[in-house]
Amino acid sequence: MAKLGKRTRTAREAFAGKTELSVEEAVALVKAHATSKFDETVEIALNLGVDTRHADQMVRGVVGLPNGTGKSMRVAVFARGPKADEAKEAGADIIGAEDLMETIQGGTIEFDRCIATPDMMPIVGRLGKVLGPRNLMPNPKVGTVTMDVKAAVEAAKGGEVQFKAEKGGVVHAGVGKASFDEAKLVENVRAFISAVAKAKPTGAKGTYMKKIALSSTMGPGVTLDVATASGE
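Keep in mind that what you see is a predicted model, and the values were worked out from it rather than measured.

1. Let's talk about the nonpolar core
In this structure, Phe 192 and Leu 214 are the most contacted members of the largest nonpolar core, which totals 39 residues. Secondary structure elements with two or more residues in this core: helix H2 (23–32), strand E1 (41–48), strand E6 (160–164), strand E7 (170–177), helix H8 (182–198), strand E8 (209–216) and helix H9 (226–230). Counting residues per element, this core draws most heavily on H8, which supplies seven residues. Excluding anything up to four places from it in sequence, Leu 214 contacts Ala 26, Val 27, Val 30, Val 42, Glu 43, Ile 44, Val 189, Pro 220, Gly 221, Val 222 and Leu 224. Listed in part, the 15 residues of the second largest apolar core include Met 101, Met 120, Ile 123 and Val 124.

Written out as structure tokens, the structure is:
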């Protein structure tokens, strides 16, 4: 078995025996032990009581974190004419139509969010097998298929986070950077949990939020007290 480094060992000792913490306690603990040379992302994972194989138990949504993510978001937009101009003015990084589709089909994906005007969906639809598994497929339910290109680009650039339950009912996302003030991270964590709570599907049965964990990119995780964190 590989020998643990001093930093990892110290962090594990600090986290040992600590479970079901308040949001404030968890943020303080994770932030204090995010000591890598780079600015680690604070990540949240929620284990939900849903079966994503059933359409009426799918969890999907979007939330604007009050203090942003701290991450530079690269945005691609499928649009033509005036809407392409609107995307450019709003700060989109990549704009195109058939040419962008061919670039993506060729294996080049240099963006974190994909937006499309409705008339572009016949083109974008051909990219389902490429963009779908990466959670990059434009979707009207989360505001990425829209005629209001300016608002969608600005929201993406401003710290909006999309979420979607994966197999096993797990939702995870980055909710800020370790360099953020504790109070700002707490606000972001609570906003994300609240958004997932509001996205509870009609087909969900029994306990919806089973477990919530917080960690940093390189650090161990800690569980939160679900009742106080979610307000249930």
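2. Some points on the domain arrangement of the protein chain
One frequent convention defines the size of an interface as the accessible area lost when the parts assemble. Annotation of the protein chain at the domain level lists domain 1 (14–69 + 160–230) and domain 2 (75–158). Taken together, the contacts link eight residues of domain 1 with eight residues of domain 2. For the pair domain 1 and domain 2, the two sides together bury roughly 820 Å², of which 38% comes from carbon and sulfur. When the area that domain 1 buries against domain 2 is broken down by residue, the three leading residues are Arg 60, Glu 160 and Gln 162, summing to 75%. The interface formed by domain 1 and domain 2 includes one salt bridge. Between Arg 113 and Glu 160 there is a salt bridge, and its shortest N-O distance comes to 3.2 Å. Summed over the shared surface of domain 1 and domain 2, the result is two residue pairs in polar contact (both at pLDDT 80 or more). Going through the elements one at a time, strand E2 (60–64) and E6 are the ones with two or more residues in the side of domain 1 that touches domain 2. Looking at the side of domain 1 that touches domain 2 element by element, the count peaks at four residues for E6. Looking at the side of domain 1 that touches domain 2, its residues break down into two nonpolar, three polar and three charged.

3. Examining the sheet that holds strand E5 (residues 113–116)
Strand order in this open sheet of three strands is E4-E3-E5, and the pairing throughout is parallel. Across the chains shown, the open sheet's two edge strands, defined by having one partner strand only, are strand E4 (94–96) and E5. Direction aside, the axes of adjacent strands within the sheet are offset by 15 degrees on average. Where strand E3 (residues 75–78) lies against E4, three bridges are found, and the strand directions are parallel. Among the inter-strand pairings, Ala 76 is bridged to a residue of E4, identified as Ile 94. In this fold helix H7 (residues 149–157) packs onto E3 and E5, with an angle of close to 165 degrees to the strand it touches most, E3.

4. Some remarks on the side chain of Asn 139
Along the chain, the position of Asn 139 falls in the loop between helix H6 (128–131) and H7. For Asn 139, a relative accessible area of 14% gives the class buried. Leave out the neighbours within four places in its chain, and Asn 139 touches Arg 60, Thr 144 and Val 145.

5. A few points about the packing of H2 against H8
Following both chains from N to C, one finds H2 and H8 inclined at 125 degrees, their axes separated by 9 Å at the closest point. Taken together, the axes of H2 and H8 lie oblique to each other. Seen from above, H2 lies across H8 with right-handed handedness. Judged by residue contacts, Val 23, Glu 24, Val 27, Ala 28 and Lys 31 of H2 engage Glu 182, Leu 185, Val 186, Val 189 and Arg 190 from H8. Looking at the contact of H2 with H8 residue by residue, the classes come out as six nonpolar, no polar and four charged.

6. A look at the sheet that holds E8
Read across the sheet, four strands follow the order E7-E1-E8-E9 without closing on themselves; strand pairing throughout is antiparallel. Edge positions in the open sheet fall to E7 and strand E9 (222–223), since each of these has one partner strand only. Pairing between E1 and E8: seven bridges, direction antiparallel. Of the residues in E8, the one forming a bridge with Ile 44 is Leu 214. Of the strands in this sheet, E1, E8 and E9 are in contact with H2, which crosses E8 at around 30 degrees. Running over the sheet, H8 touches E1, E7 and E8 and is turned about 155 degrees from E7.

What counts, and at which threshold
Residues numbered from 1 in each chain as written. Predicted model: local features only at pLDDT ≥ 70, side-chain atom pairs only at ≥ 80, totals over all residues. Heavy atoms only, no water. Core = buried A, V, L, I, M, F, W, Y, C linked by side-chain atoms within 4.5 Å. Buried < 20%, exposed > 50% of the residue type's maximum accessible area, 1.4 Å probe, protein only. Helix = DSSP H or I, 4+ residues; strand = E, 2+ residues; numbered from the N terminus. Contact = heavy atoms within 4.5 Å. Domains from an automatic or database assignment. Buried area = accessible area lost by both parts, 1.4 Å probe. Salt bridge = Lys/Arg side-chain N within 4 Å of Asp/Glu carboxyl O. Polar contact = N/O pair within 3.5 Å; in protein donor to acceptor, adjacent residues only side chain to side chain. Nonpolar A, V, L, I, M, F, W, Y, C, P; charged D, E, K, R; others polar. Pairing = 2+ DSSP bridges. Axes fitted to C-alpha atoms, helices over the stretch in contact; angles between N-to-C directions. Parallel < 35°, antiparallel > 145°, perpendicular 65-115°, else oblique. Left-handed = near helix turned anticlockwise from the far one by under 90°.

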